[in-house]
Amino acid sequence: EAEAEALHAISATGSIRVPRPIGTGVVGEEAYLALEHIDLCSPAARSWEDLGRQLAELHHHTAQDGRFGWHRDNYIGEIEQPNTAEADWAGFFTRHRLQHQLELADQNGYRFDGASEILHWSREKLAGHTPPASLLHGDLWSGNASFTTGGEPVICDPASYYGDPETDLAFTEMFGGFDRRFYRAYREANPPKPGHEVRKMLYNLYHLINHTNHFGGSYATSAQDCIHRLLRA
């Protein structure tokens, strides 16, 4: 249901295509989401530029009250993603993204050196950063971005909320797979702000800890290395 609501919200902006939700329900202990079928293929010549421009257009749609969050909690993978609305981005991201994942990691037996320090660092680093409360995809890696047989960009599997547009762009770089033409087109429509390279590491730390809580292994090492790099930055 949460994913269907996010797809409807993105679709309503008219900025970028998503598969149309047909219905949701529960059978026994299993939930389902039925989606429109879309034939997909490799991108056409200008498809990457279109994806960059259309993502920037999505990010120009902002919360009416200017607050960060969402009208309900949702999920990032299988883990609940709290979205209690806040007027302060530094507080929202630090509390509902980093702190939430660090507390889950602690419960799962992953204890990161510098965990309390990185929460304080996050609040301080983001205190002077005042992004728009933009509608986000929320989980935009290469597996969630595709192209129709006609070359039209399609994004799916959102974990949407209103937040800093840089978080979507940061996650596109974590696993790679996005063409440089995508970034050029996006930044022409939505130029980067000073300090975005350091914030990119901070925003992706959220995903590294989330992946630690899902899969463990090398993600825990990568998250720890990221904390150390940020605290030295």
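Throughout what follows, the structure given in this document is the object of discussion.

**A word on the overall build of the protein**
- A count of helical and extended segments in the protein gives eight helices and eight strands.
- For 233 residues, the compact-globule estimate of 2.2 N^0.38 gives 17 Å, and the C-alpha radius of gyration of the protein, at 17 Å, lies within 12% of that figure.
- Projected onto its principal axes, the C-alpha positions of the protein cover 50 × 50 × 40 Å.
- In the protein, which comprises 233 residues, the proportion classed as buried is 48%.
- Within the protein, counting contacts between residues at least 6 apart in sequence, those at least 24 apart form 70% of the total.
- Accessible surface computed for the protein: about 11100 Å², of which carbon and sulfur atoms make up 48%.
- One finds the centroid of the 20 positive side-chain charges in the protein at a distance of 8 Å from the centroid of its 32 negative side-chain charges.

**Focus: the packing of helix H4 (residues 115–126) against helix H7 (residues 196–215)**
- Put simply, H4 and H7 touch, their axes get as near as 12 Å, and they point 135° apart. Relative to H7, the element H4 is oriented oblique. Two packed elements cross with a definite hand, and for H4 against H7 that hand is left-handed. Judged by residue contacts, Ile118, Trp121, Ser122, Lys125 and Leu126 of H4 engage Val198, Arg199, Leu202, Tyr203 and Leu205 from H7.
- Here the residues of the contact of H4 with H7 sort into seven nonpolar, one polar and two charged.

**Observations concerning the environment of Ala90**
- Its location among the elements puts Ala90 in helix H3 (residues 89–107).
- Every residue in contact with Ala90, bar those within four places of it in the chain, is listed here: Arg123, Leu126 and Ala127.

**Here we look at the pairing of strand E1 (residues 21–27)**
- In terms of strand pairing, E1 meets strand E2 (residues 30–35) through six bridges, oriented antiparallel. Directly across from Thr24, in E2, lies its bridge partner Leu33.
- In sequence, E1 turns back onto E2 through a hairpin of two residues, with Gly28 there showing a positive phi of about 65°.

**Considerations on the nonpolar core**
- Of all hydrophobic cores here, the largest spans 52 residues; its most connected members are Leu51, Ile155 and Leu205.
- For this core, the element with the highest residue contribution is H3, accounting for seven residues.
- Setting aside its immediate chain neighbours within four residues, Leu205 contacts Leu98, Ile118, Ala223, Cys226, Ile227 and Leu230.

Basis of the calculations
Residues numbered from 1 in each chain as written. Predicted model: local features only at pLDDT ≥ 70, side-chain atom pairs only at ≥ 80, totals over all residues. Heavy atoms only, no water. Helix = DSSP H or I, 4+ residues; strand = E, 2+ residues; numbered from the N terminus. Rg over C-alpha atoms; globule rule 2.2 N^0.38 Å. Buried < 20%, exposed > 50% of the residue type's maximum accessible area, 1.4 Å probe, protein only. Contact = heavy atoms within 4.5 Å. Areas by Shrake-Rupley, 256 points an atom, 1.4 Å probe, with all protein chains shown as cover. Lys, Arg positive; Asp, Glu negative; His and termini not counted. Charge placed at Lys NZ, Arg CZ, Asp CG, Glu CD. Axes fitted to C-alpha atoms, helices over the stretch in contact; angles between N-to-C directions. Parallel < 35°, antiparallel > 145°, perpendicular 65-115°, else oblique. Left-handed = near helix turned anticlockwise from the far one by under 90°. Nonpolar A, V, L, I, M, F, W, Y, C, P; charged D, E, K, R; others polar. Pairing = 2+ DSSP bridges. Core = buried A, V, L, I, M, F, W, Y, C linked by side-chain atoms within 4.5 Å.

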